[in-house]
Amino acid sequence: MINPFFKNNGPFKISDILQQINLDDLGKIDNDQEINDIKDLFTSKKNDITFFHSKKYKDIAKNTKASFCLTTEILKDELPKSCSPLIVENVLLSTSKVTSKFYPSSINDNFDYTARDIAETKFKDKVQCGKNVLIGDNVTLGSNCLIGHNTIIEQNVSIGDNCSIGSNVIIRNTLINNNVTILDNCVIGKHGFGFFPINEKNLRYPHIGIVIIGENSEIGCGCTIDRGSMSNTVIGKNTFLDNQIHIAHNVKIGENSIIAGQVGIAGSSILGNNVRIGGQAGISGHLTIGNNVEIAGGSGVIKDISDNSKVMGYPAKNIRDFLKDSK
């Protein structure tokens, strides 16, 4: 369930895709072969196209099921024989162009034209809500939910039972499980900070993923959780976020985790279960943080952290080493 809310305009012939990214006819392939979708290395299947831009993902690349892969000359030999490499100068830029072809509606996040007053919807007698609550198309609300003043549940949102949504909240492209609390002034499910500077112009990267929030979780005031670009952004069950936290696209946080205020987690980092993070810590992108990890407040994490570790400082390192070096 990567992109349940975005319409796939495919399939397309591979020749059409090559034209989209200005690649010449490769000669060795069937130009009429149809490509069903663009997906990441892990979830792609036969007749899909994927992308491979960093050796960090070479172990996953070796097992991809995709028929074609946007990649570089250096990385192409890591792909299985069943996957034809498409050598491009900028993998992520080409991936953006191909994704836009399949999912043109995923690029912009203008205000939701479909949103209307909850009094005009089927939910008017189902939930208890404040004033000026708006609801978009393709929204489902469970039983015993509360929605605060001036909140907009934009299109493509599913909210479970016994959820409390605060005031001045905007939610879009999100699945929220039962017993979740979202406090005031949160923005959830908008696109992430993905773009490419080209000739004094920024090309926006499409975000076709969603946000999934597990049951019994709490999202503090003023948090921003971006939806995924090619995969989903996930908050595990019974995970609590303090105020003013930013969770970037594709981030996955495990179960039973606690994150203090003003923490920032960059895109595509994966956190395990039972993680504890102190206030104002920063985690760089594409990292793996293990289970039962404790990160002290104000730390800067720029490398993977193994299970059961306690780290502190910038760059973050074992807390005992940090305290010893600080004497």
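Small disclaimer: the values here were computed from a predicted structure and weren't measured.

Rules used throughout
Residues numbered from 1 in each chain as written. Predicted model: local features only at pLDDT ≥ 70, side-chain atom pairs only at ≥ 80, totals over all residues. Heavy atoms only, no water. Helix = DSSP H or I, 4+ residues; strand = E, 2+ residues; numbered from the N terminus. Salt bridge = Lys/Arg side-chain N within 4 Å of Asp/Glu carboxyl O. Buried < 20%, exposed > 50% of the residue type's maximum accessible area, 1.4 Å probe, protein only. Pairing = 2+ DSSP bridges. Phe/Tyr/Trp six-rings, centres within 6.5 Å; stacked < 30°, edge-to-face > 60°. Core = buried A, V, L, I, M, F, W, Y, C linked by side-chain atoms within 4.5 Å. Contact = heavy atoms within 4.5 Å.

Participant: An account of unusual backbone geometry is needed here, citing residue identities and associated values.
Facilitator: Of note, the amide linkage connecting glycine 10 to proline 11 takes the cis form, showing an omega dihedral of 5°. Relative to the helices and strands, proline 11 resides in the segment before strand 1 (12–13). Tyrosine 314 connects to proline 315 through a cis peptide bond whose omega is -10°. Notably, asparagine 47 is not glycine yet its phi reads approximately 70°, a positive angle.

Participant: Account for the pattern of salt bridges, naming residues and giving values.
Facilitator: Under the criterion given, the structure shown has nine salt bridges. Ionic pairing is found between arginine 227 and aspartate 109, a salt bridge with its closest N-O pair at 2.8 Å. Linking arginine 227 in the loop between strand 23 (224–225) and strand 24 (233–235) with aspartate 109 in the loop between helix 3 (91–102) and strand 7 (116–117), this pair joins segments that are 118 residues apart in sequence. By the burial criterion, arginine 227 is buried, and aspartate 109 matches it. Close ionic contact of lysine 190 with glutamate 154 constitutes a salt bridge, the shortest N to O distance being 2.9 Å. Taken together, the residues lysine 190 in the loop between strand 18 (187–188) and strand 19 (195–198) and glutamate 154 in the loop between strand 12 (152–153) and strand 13 (157–159) connect sequence positions 36 residues apart. Accessibility classification places lysine 190 together with glutamate 154 in one group, the buried group. Taken together, the shared-partner salt bridges connect Glu154, Arg172 and Lys190 into one network.

Participant: So what's going on with the sheet that holds strand 23? Residues and values would help.
Facilitator: Adjacent strands of a sheet pair through backbone hydrogen bonds, lying either parallel or antiparallel. Here 10 strands make up an open sheet; going across it, the order is 7-9-12-15-18-23-26-29-32-35 and the pairing mixed. Here the strands that pair on one side only, and so sit at the sheet edges, are strand 7 and strand 35 (300–301). Alignment of strand 15 (residues 170–171) against strand 18, held across two bridges, turns out to be parallel. Bridge pairing links isoleucine 171 to isoleucine 188 in strand 18.

Participant: Give a description of the packing of aromatic side chains that names residues and reports values.
Facilitator: Inspection of the entire model under this criterion finds three aromatic pairs. Ring centres of phenylalanine 193 and phenylalanine 195 lie 4.8 Å apart, and the angle between their planes is 85°; this geometry places the pair in the edge-to-face category. For phenylalanine 193, a relative accessible area of 66% translates into the label exposed. On the basis of relative accessible area, phenylalanine 195 is assigned to the partly exposed category, the value being 28%.

Participant: Run through the pairing of strand 5 (residues 68–71), naming residues and quoting values.
Facilitator: Residue alternation in strand 5 divides its side chains into two sets, Phe68 and Leu70 and Cys69 and Thr71, and both sets are buried. Strand direction decides the pairing type here: strand 4 (residues 48–51) and strand 5, joined by three bridges, are parallel. Bridging from a neighbouring strand, phenylalanine 51 pairs with leucine 70 of strand 5. The pairing of strand 5 with strand 6 (residues 84–87) spans four bridges and is parallel. Along strand 6, the bridge assignment pairs cysteine 69 with proline 85.

Participant: How would you summarise the environment of alanine 115 if you had to cite specific residues and measurements?
Facilitator: You can see alanine 115 is positioned in the loop between helix 3 and strand 7. Spatially, the C-alpha atoms of alanine 115 and glycine 136 are 3.8 Å apart, while their sequence positions differ by 21 residues.

Participant: Mind laying out the sheet that holds strand 3 (residues 37–38), listing which residues take part and the relevant values?
Facilitator: Pairing in this open sheet of four strands is parallel, and the strands run 3-4-5-6 from one edge to the other. Lying at the two open borders of the sheet, with one neighbouring strand each, are strand 3 and strand 6.

Participant: Outline the nonpolar core, supporting the account with residue identities and numerical values.
Facilitator: Grouped together as the largest cluster of nonpolar side chains are 48 residues, with contacts concentrated most on Ile182 and Ile295. Among the secondary structure elements, those contributing two or more residues to this core are strand 10 (139–141), strand 13 and strand 21 (211–213). When near neighbours in sequence (up to four residues on either side) are disregarded, isoleucine 295 contacts Arg276, Ile277, Gly278, Ala281, Ile283, Ile289, Val301, Ile305 and Val311. Counting residues in hydrophobic clusters, the runner-up holds 24 residues, among them Phe6, Phe12, Ile35 and Met230.

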